[in-house]
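Architecture and fold: a report
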Amino acid sequence: MKSNGDLALANTLKGQNVEGVHLSKKHVSENASVRILDEIKRDFDLVIMGTRGHGGIVGAVLGSVAQRVLANSDCPVLIVK
């Protein structure tokens, strides 16, 4: 049985040519922004992440995890809503 994250990724990539693109995925149950920032330190060229944008005025534009990653990442971050 696929998790919601696996299904979301599969639906996002459906019909897209990702040949030659290394995709890395990891499921975490801890503080997501901290774990993502730890992974970024492993030398990524670009982080692409989605956001649902729940909560608060700023949260209406970006989700809190996306905000923290964008503010603290050492590499470029592309946010997709």
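Structural notes, computed from the coordinates. Worth saying up front: this structure is predicted, and the values here are computed from it rather than measured.

Rules used throughout
- Residues numbered from 1 in each chain as written.
- Predicted model: local features only at pLDDT ≥ 70, side-chain atom pairs only at ≥ 80, totals over all residues.
- Heavy atoms only, no water.
- Helix = DSSP H or I, 4+ residues; strand = E, 2+ residues; numbered from the N terminus.
- Buried < 20%, exposed > 50% of the residue type's maximum accessible area, 1.4 Å probe, protein only.
- Contact = heavy atoms within 4.5 Å.
- Areas by Shrake-Rupley, 256 points an atom, 1.4 Å probe, with all protein chains shown as cover.
- Core = buried A, V, L, I, M, F, W, Y, C linked by side-chain atoms within 4.5 Å.

Turning next to the overall build of the protein chain. Scanning the protein chain for helices and strands turns up three helices and two strands. Order of helices (α) and strands (β) in the protein chain, N terminus to C terminus: α-α-β-α-β. Counting every position in the protein chain, which comprises 81 residues, the buried fraction comes to 21%. Put simply, 54% of the contacts in the protein chain that link residues at least 6 apart link residues at least 24 apart. By element, 54% of the accessible surface of the protein chain is carried by carbon and sulfur atoms, the whole surface being about 6400 Å².

Turning our attention to the nonpolar core. Among the nonpolar cores identified, the biggest contains eight residues, and these are Leu37, Ile40, Val47, Met49, Ala66, Val69, Cys75 and Val77. Those elements that provide at least two residues to this core are helix H2 (32-40), strand S1 (47-50) and helix H3 (64-72). The contacts of Cys75, once residues within four sequence positions are left out, are Ile40, Phe44, Asp45, Leu46 and Val47.

Turning our eyes to something else, we now look at the environment of Ala66. Tracing the chain through its elements places Ala66 in helix H3. Residue Ala66 is classed as buried on the basis of its relative accessible area, which comes to 3%. Separated by 12 residues in the primary sequence, Ala66 and Leu78 have C-alpha atoms spaced 9.5 Å apart.

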